[in-house]
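Breakdown of the fold
Here is how the chains run, residue by residue.
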Amino acid sequence: MNLKPETLAKIEAVIPRYPVKRSAALPLLHLVQEDAGYIADEAVEWIAAKLDLQPINIYELVTFYPMFRRKPGGRRIIKVCRTLSCALAGSYKTAEAFKAAFNCGLDETSPDGEVTIEFVECLASCGTAPVVMIDETLHEKVDGERARALAVEIRQAGGPASAPTA
Amino acid sequence: MTAPAQTDLVTVVIDGKEIAVPKGTNIIEAASRLGIEIPHYCYHPKLSVVGNCRMCLVEMGMPMIDRGSGKPILDDHGGQKIGWMPRPAIACATAAVPGMQIRTTTELVKQCREGVMEFLLVNHPLDCPICDQAGECRLQEFATDYGRGYSRFIEEKNVKPKRTRLGPRVMLDDERCILCSRCIRFCQEVPKDDVLGFVDRGSYSTLTCYPGKQLENNYSLNTVDICPVGALTSTDFRFKMRVWFLKQTPSIDTESSVGANTFVWAREGKIYRITPRRNDAVNDTWMADSGRELYQQVEAEDRLNACHASGKPVPAPEALQAAVALLKEGKTAIVGSARASLEEQFLLKKVARAAGGAPVHLVAHTGEGDGLLVSADRTPNLRGALLTGLIDTLPPASLEALGAAIDAGEVQTLVVVREDLLAAGLTEAQLERVRIIHLDTHRRPGLERAAVVLAGLTVFEKAGSFVNQQFRVQKFQKAVPGPGGAAEDLFLLATLAAELGGESMPSTPASVWQAMAAEIAAFRGMTFAGIPDDGVVVEAGRLAELPFVEGESLHYKPAAEAAGV
Amino acid sequence: MPVQETRLIFKHIDAAGYTNDLDCYLRHGGYEILRKAVQQKPEELCEEVMKSGVRGRGGAGFPCGMKWKFLDRKSGKPIYLICNADESEPGTFKDRQIIHKDPHQLIEGILISCYAIQAKTAFIYIRGEFPEGARILERAIEEARSKNLCGDNILGSGYSVEIFVHRGAGAYICGEETGLIESLEGKRPYPRIKPPFFPAVLGLYQCPTAVNNVETLCHVKHVIDMGGEEYAKIGTPGNSGTRILCVSGHVQKPGYYEFACGDLTLGQLIHDVCGGLRPGRSLKAVIPGGSSAKILRAGERYTGKLKDGSSFDWGLEDIPMDFDSLMAVGSMAGSGGVIVMDDSTDMVEALANINAFYAHESCGQCTPCREGSLWMKKITTRMSHGQARQEDVDLLGNVADQIAGRTICAFGEACSWPTQSFVLKFRDEFLNKARAQAGAASTNGNGAVPLI
Ligand SMILES: Cc1cc2nc3c(=O)[nH]c(=O)nc-3n(C[C@H](O)[C@H](O)[C@H](O)COP(=O)(O)O)c2cc1C
Ligand code: SF4
Ligand code: SF4
Ligand code: FES
Ligand code: FES
C-alpha cells in the first residue's frame, strides 16, 4: 500500500478513538479512498490487517456502501439525486443533460476520463431540487441548463466554481 | 443427573397445550417438545440467533394485568385475559416467560409463512429436479406445506453466480442461497475461520468467500450439513446418490479421542457419506471433514480381504489354528490397540491371560489438537484400554520396552493388533527375531513378515463401543458388511482366548458386555443395549487423574484445568 | 391571519451575519445553558426533559425523556450517546441546516444530553454525503475543546466527555438506530432483532446507548434553558415544542420552516407559507412526513376521534401538522419532510420512484423486505414503462401487506406504506395505467417530467 504520510498519520490518529478497533473500518475506508481514489483489493486486505480483521470483514463493507468505489472513477464524480423530490423537479432530465454533455451513460466514466456519472438517492437537500454533488460539493437547482453550464465548467481546468453548500 | 430445579422451569401455552421448559428456552424448541413444528431456516440450535428468515413468525400473547391495581384482568369465563400482540413475533428469538401464550395455527401465521415462502421463491431458480439437495431441502419441504402452488412473479429473476468452488470440498450455487447466514455464522462461531460473507445488498446480496481465500478449514463440510437449501453441496457427495435411497447407521468418529457422534449413510453395502449426529455433550451438531473421509478405508486399495498363514490366503479358522499353535509355544507378548473397541480390548486382555500372562504393550498416537473435535490423542479408545485393564499406565510414544524384551530374548511370539511395528519404534532386526500374529484391517509395511494375518473389520462393519476422552462410553453399529475373507474381530479374539484357555468366551458385543459388567466395577449394571444413543459417562476413579495428552476441546477440559488448577 | 413561524432551533439559521464558528455562537449566548446544566444534578435534567414531553424528531416521535429513562444504569457498563445525523429519509433536509449553519447548537445539545445521561462518549453518525458537514462538526468540536467545553473536566465541573464524528458511506439503513450501531461497530449495518437488542440496554458495544436525532438533541438544549414545563407550553399537549417542516415538490417556495406544533394546517403550510402551487396547477397529493409516510390525497375527508376524545372532520388541507393529528388521519409526522405533488404527477411513476429508493436501500437481511422491496420496484417500474396489467394493483398491495409488521426493523413498514397507500388511494390511476398501456408510457403527459 502506497499511502501518503498524511493519510497514514490520520489513520493512526483515528483508530484509538474507538474502544473496539473494528469501529475504525469506515473511517479507514474513507481515508484510503480519499488518498487513492478507490478501494483496491490490496487496500481491503491492508485495512483488515490494520484492524486485526479478516479481509472478508472489510470486503463485506466495501460492497455494501455505495460511496466506496472498487475501481478508479473519472477525474470528477457527478452524483445526480434521483429520489422523488428531485425527480419531481426534473432530475432525470438533469442526468440526461450530463450524459449527453460527457457522452457516457450512468455508472460510466466518460470516454475522456473527465467524469463518472451516477444516480444517488436523496441527498437531503430536497428543497433546492434537483441537486447534484460533484465530488464533495453540492450544487442546487441543477436543471438541464445548469447541468450543461456545469459541464462546461468541469471541462475547463479547475472545474466548477464551488457553489455554496447547505 | 440432577433434574433442573422446579424454579428454573416456566410454563407456556402453545396452541392450547401447556409445556414447562427451562427458563430462556426459545419457542421453536418449546414447541418441538410438544411435537409442534415451527418451520424455520435461519435458526440453528448451535449458532447465534439472527432472526432473518422470518419463517418462524407466530402469534404471541401475555396474560393481561391491570396497570393500576396490578391484578390480573379476567375474561368472561374467569380466566386471565390474554393480550395478543398485534404483530407476529419470531419464535426463534422469543424466550419462554411464565404465562406466555403462542398460536401457530392461525390465519395470520399461515399467511406469514406463505408470504415468506413466496418471497424466497421469487428469485429462486426452481431447479429442484436437478438439485442434489432434493429430499433434504427445507425450501422444497415447506413449499409443499405453505407454497401457493403457482407464481405471481412475472418479472425477471436476479442472476447470481452458479457452481462456484468455495474450497476443496464445498460448492456454492448463489441462486439457490436464501441468505440465512447459517454458513457464515458457523465459520465465525465454531472453527473461527471468517472467510464467508455477504457482498452487495438488498435482494442482490450474495454469499461469497473472500477472493483469494478458500473455505478449506477442517470443518467446512458442516456448512453443507446446515445449509437449509441446496446452495452448499459437497464436492464428494454431489450427484452420487439421492439421499432417500440411503440408510443411516449411528457410528462414532474414530480419528481422535473426542469420539464425535456420526451417521454413516449407506446403500447396498456401499457407504456414501458420513455426517455428524447431534450430541450436545460431545460434538453438538458438528464433525471434522477429516472424519468424514474415513469411510474410504472400507474399499481402500490396501484393504486386507483375507486371513493369511505362512504367506498364503486361508480361511479364518485355519489362520486361527496356526495362531493358536504359535501361542501355545509360550514367550508371547502383545501389542494392543487404543483403536480397538472396548469389547475387543476386553477379549485381548483375556488372550493375554490365557497366553500365560503375556505382557501387553500399547503405543500412543498423538498429534496436535484443534481445540474442537480432533484431540491430541488420535485414537478413539485409550480410556477403554485403561478401563478394561488392558494397560494400567498411559502408553509411551514408542515400543522401546518391547524392543528391549525382544533383544533380551524374552519374546518369541508377538500378537499385534492394528499397529505398524516399525513406525512404533521396533527395528527390522527385532522383527526378524519374533513370529508375528497380526490382526488388522489394512496392509502395513512389513506385514508380509507376519506368520499369521487375521483380517478384521473396520468400525463401519461391526458393532461395539469406545470410551472417549470424557470417559463416555459410546456405541457404534454396523453399517455395511465386511469383506468376505475377513472375520469379526470379536470372533477372532474370542477364539484365540478360548482355544488357549480352554474356557468358552463371549463373542458378541452384548455377551462381552455381560462379562464386562460382571468383572469391571465401572461397568457394573450396564448392558450393550442399554447404552443410550448419546453415550454414558462412567466412573473412572483414579484413572481420570492420569496426565492425558489432550488439551481443551469443544466439550472437554483436561482434568487439571477442569479442577481449576 | 397569516401564520407565524416560531423559530427556536432555526433561530439563527440564515440570519444575516450569523456564522458557524464558536465566536459567533458565544456572542449569541452560546454554551451558557451547558454552563448552567453542569451545575445541576443529571437526574434533574432528565426530569426536565421528561416534563417537556419533547418527542423524537428522527421519525418515530418517541418521547425523549422516556427513552433516556429506559437506559440501563445498573449494568455498570459505560453509557453512550449517539447523535443520529444520517438524515436520509427522502424529503427531509433539516439536520443538514443545523449541522452546516449552527453546529455549536448541536454540540451544546449533545454535551447537555451526555451530562444528563452521564455518557462519557458521544458519536455523531453523519451520513457520508455530508463531507462538508463532517468537517464543520469536527472543527466545532475542536473549538469547543479549546474552550474546555468538551473533553476533560468540562468547565471545571469534574465531568469529562468526548465527542467523535463518524461518517457513513451512503446507506439509508444506517439511520435505523440498530443498523447505525452495527455500522458504527464496523459491521454491515444489519439492524438487530429487538428483543433482545434494545439500544437502551444492549446498544453500542452491547452497552446502554441513547440514539437521538440531531434536531431532538437541539431541542434538549432549549428544554433545559426554559425548563420542561415552560417548553411544554409551546405546541399542543402531547405535541410539545416546535417542529421543523421541510417542504419540497410542487410548491412555489420549497424550504424549511419552523412552527409550534399544531400551529398550522397542511393547507396553511402549502398556501400561506410555501406560496401555493405553481400557476395553473391543482393539489393532487401530499406525503406529510418523509417518503415512508402514507400518502394523503386531495379531496379526501378524514373523520374520527382524537386522543383527547374530540372528534374531527378534516379535508386534506385542514390537517394540523402535528404528530397526533397526522397519525389520526392514517399517516405520520415522521421526519417532517412534506412532499407536495400537483396534478401533473403520474402516481404510478411517483410510486415507482419511491420503490426504487427502498429496493436500493433495503439491507437485505430479512426475507420479506429484501425480496418484497425489489419486487414492488420491478412491478411499478414495469407499469411505468408501458406494461401495466389490471391485476398489478392488487398484487402490489398484497406484496406490501406481506412485508409490513413481519420484518426485523421498521424499514419493512417504511417500504410498504407508500405502496399500500398509493394503491388504496390512487387505485383508479393504477387501473387506468393498465387500460391505457397501449398509449404513452405516462398517463400524465401534461408537462410532467419522468420520475423513473
Ligand atoms: C429505515 C429507518 C431509517 C431511519 N433514518 C433515520 C435518520 O436518517 N435520521 C434519524 O434521526 N432517525 C432515523 N430513523 C429513526 C431512528 O431509528 C431512531 O428512531 C431515531 O434516531 C431516534 O431519535 P429520536 O428519538 O431523537 O427521533 C430511521 C428509522 C428507520 C426505521
Ligand atoms: S449458502 Fe445456505 S447456509 Fe449459507 S446463507 Fe445461503 S442458504 Fe444459508
Ligand atoms: S426490514 Fe429491510 S432493512 Fe430492516 S433488517 Fe429487514 S431487510 Fe434490512
Ligand atoms: S430527493 Fe433529492 S435531495 Fe432529497
Ligand atoms: S428461524 Fe429465521 S427468523 Fe426465526
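Computed from a predicted model, the values in this text were never measured in an experiment. (Residues numbered from 1 in each chain as written. Chains lettered and ligands numbered in written order. Predicted model: local features only at pLDDT ≥ 70, side-chain atom pairs only at ≥ 80, totals over all residues. Heavy atoms only, no water.)

**Overview of the site of ligand 3**
Inclusion rule: Working definition: residue near molecule or strand if any one of its non-hydrogen atoms lies within 4 Å of it. Any residue outside Ala, Val, Leu, Ile, Met, Phe, Trp, Tyr, Cys, Pro, Asp, Glu, Lys and Arg is labelled polar, Gly included; the first ten of those are nonpolar and the last four are charged.
Every one of the 13 residues lining ligand 3 counts as a neighbour, but Cys363(C), Gln365(C), Cys366(C), Cys369(C) and Cys409(C) are closest to it. When its residues are assigned to classes, the shell around ligand 3 shows 8 nonpolar, 5 polar and no charged.

**Notes on the site of ligand 2**
Taken together, 13 residues surround ligand 2, and among them Cys177(B), Cys180(B), Ser181(B), Cys183(B) and Cys227(B) come closest. Of the residues that constitute the shell around ligand 2, the class distribution is 11 nonpolar, 1 polar and 1 charged.

**Topic: a nonpolar patch on the surface**
Quick reminder of the rule: Without a salt bridge and with relative accessible area above 30%, a residue can belong to a patch; like charges are then joined within 9 Å and nonpolar side chains (Val, Leu, Ile, Met, Phe, Trp, Tyr) within 5 Å. Here the Shrake-Rupley method, with its probe set to 1.4 Å, supplies the accessible areas, and only the displayed protein chains count as covering residues. Any Lys or Arg side-chain nitrogen found within 4 Å of a carboxyl oxygen on Asp or Glu counts as a salt bridge. The numbering of helices and of strands both runs from the N terminus, where a helix is a DSSP run of H or I of at least 4 residues and a strand a run of E of at least 2.
Nonpolar side chains collect at one region of the surface, where Phe62(C), Met66(C) and Phe70(C) lie side by side and expose about 280 Å² of accessible area between them. Its place among the elements puts Phe62(C) in the loop between α3 (42-52) and α4 (64-69).

**Here we look at empty space enclosed by the protein**
Which entries qualify depends on this criterion: Cavities and pockets were defined on a 1 Å grid built from protein atoms only: a cavity is a group of points that admits a 1.4 Å probe but offers it no way out, a pocket is an open group of points flanked by protein on both sides within 12 Å along at least five of seven lines, and a lining residue is one with an atom within 4 Å of any such point. Grid points are joined across faces, edges and corners, and a volume is the space filled by probe spheres set on the points.
This model, assessed by the stated rule, comprises 10 cavities of 30 Å³ or more. Empty space within the largest cavity amounts to approximately 110 Å³. Forming the boundary of the largest cavity are 13 residues, of which Asn123(B), Lys160(B), Glu175(B), Cys177(B) and Glu371(C) lie nearest the centre. Class assignment for the residues of the lining of the largest cavity results in 4 nonpolar, 4 polar and 5 charged.

**Here's the deal with the sheet that holds strand β8 (residues 170-172) of chain B**
Residue and element names in this part refer to chain B. Heads up, the rule is: For two strands to count as paired, DSSP must find a minimum of two bridges between them.
Pairing within the open sheet is antiparallel, and its 3 strands lie in the order β7-β8-β11. Either end of the sheet is taken by a strand with one partner, and the two such strands are β7 (164-165) and β11 (232-234). The pairing of β8 with β11 spans 3 bridges and is classified as antiparallel. Its bridge partner lying in β11, Met 171 is registered against Thr 233.

**Quick word on the interface of chain A and chain C**
The line we're drawing: Here a residue-residue contact requires only that any non-hydrogen atoms of the pair lie within 4.5 Å. Each of two parts loses accessible area, computed with a 1.4 Å probe, when they are put together; buried area is these two losses added. N or O atoms within 3.5 Å of each other form a polar contact, as long as, within protein, one can give a hydrogen and the other can take it, and as long as residues adjacent in sequence are counted only when both atoms are side-chain atoms.
Taken together, the contacts link 40 residues of chain A with 63 residues of chain C. Across the interface of chain A and chain C, roughly 4100 Å² is buried in total on both sides, 62% from carbon and sulfur atoms. Among the residues of chain A in contact with chain C, Phe64(A), Leu84(A) and Leu88(A) are the three that bury the most area, contributing 16% of the side total. Note that Arg17(A) is salt-bridged to Glu138(C), the shortest N-O span being 3.4 Å. Here chain A and chain C share 18 residue pairs in polar contact (both at pLDDT 80 or more) between them.

**Overview of the interface of chain B and chain C**
As a measure of interface size, the accessible area lost when the parts come together is often cited. With 39 residues of chain B at the interface, the matching set in chain C holds 34 residues. Both sides together, the interface formed by chain B and chain C hides about 2900 Å², and carbon and sulfur atoms give 51% of it. Between chain B and chain C we count 3 salt bridges in total. A salt bridge links Arg87(B) to Glu413(C); the shortest N-O distance between them is 2.8 Å. A total of 9 residues in the side of chain B that touches chain C trace back to one element, the largest contributor, which is helix α2 (residues 107-122) of chain B. Looking at the side of chain B that touches chain C residue by residue, the class counts come to 20 nonpolar, 9 polar and 10 charged.

**Things to note about the domain arrangement of chain B**
Under the convention used in this document: The domain boundaries here were taken from an automatic or database domain assignment.
Looking at the assigned domains, one finds that chain B contains domain 1 (6-117), domain 2 (121-298) and domain 3 (303-466 + 477-508). Computed over C-alpha atoms only, the centres of domain 1 of chain B and domain 3 of chain B are separated by 57 Å.

**Focus on the packing of helix α14 (residues 347-361) of chain C against helix α15 (residues 367-384) of chain C**
In a packed pair of helices, the relevant descriptors are the angle between the two axes and the axis-to-axis distance. All names here are of chain C. To keep it simple, the criterion reads: For helices, the fitted axis covers only the stretch in contact; all axes are lines through C-alpha atoms, and the angles between them, taken along N-to-C directions, range from 0 to 180 degrees. In these notes the angle categories are as follows: under 35 degrees is roughly parallel, over 145 is roughly antiparallel, 65 to 115 is roughly perpendicular, and the rest is oblique. Here is the rule for handedness: rotate from the far helix to the near one, and if that takes an anticlockwise turn smaller than a right angle the crossing is left-handed, while a clockwise turn gives right-handed.
Two elements in contact, α14 and α15, have axes separated by 8 Å at closest approach and are oriented at 150°. Compared by their axis directions, α14 and α15 come out roughly antiparallel. Here α14 and α15 pass one another in a crossing that is left-handed. In this structure, α14 contributes Val 348, Glu 349, Leu 351, Ala 352, Asn 355, Ala 356, Tyr 358 and Ala 359 to the contact, and α15 contributes Ser 373, Leu 374, Met 376, Lys 377, Thr 380, Thr 381, Met 383 and Ser 384. Residues that form the contact of α14 with α15 fall into these classes: 9 nonpolar, 5 polar and 2 charged.

**Here's the deal with the sheet that holds strand β1 (residues 76-81) of chain A**
Residue and element names in this part refer to chain A. As summarised here, the arrangement of the 5 strands in space is β2-β3-β1-β4-β5, forming an open sheet in which the pairing is mixed. Among the strands making up the open sheet, the edge pair consists of β2 (108-109) and β5 (137-139). In terms of strand pairing, strand β4 (residues 132-134) meets β5 through 3 bridges, oriented antiparallel. Residue Val 132 lies in a different strand from β5, and its bridge partner there is His 139.

**Quick look at unusual backbone geometry**
Note the cis peptide between Ala129(A) and Pro130(A), where omega equals -10°. Structurally, Pro130(A) is set in the loop between β3 (115-120) and β4. Omega for the bond connecting Pro195(C) with Pro196(C) falls within 30 degrees of zero, at 5°, which places this linkage in the cis form. Of note in this structure, Asp200(B) is not a glycine but carries a positive phi near 60°.

**Some points on the layout of surface pockets**
In this approach the atoms are scanned with a rolling probe the size of a water molecule, which exposes any empty space left behind. Roughly 1200 Å³ of internal volume is contained in the second largest pocket. Along the wall of the second largest pocket there are 45 residues; nearest its centre are Pro66(A), Asp107(A), Glu118(A), Phe119(A) and His360(C). At the level of elements, β3 of chain A together with α14 and α15 of chain C are the ones that each hand at least two residues to the lining of the second largest pocket. When residues of the lining of the second largest pocket are assigned to their parent elements, the largest contribution, 5 residues, is made by α14(C). Taken together, the residues of the lining of the second largest pocket sort by class into 20 nonpolar, 10 polar and 15 charged.

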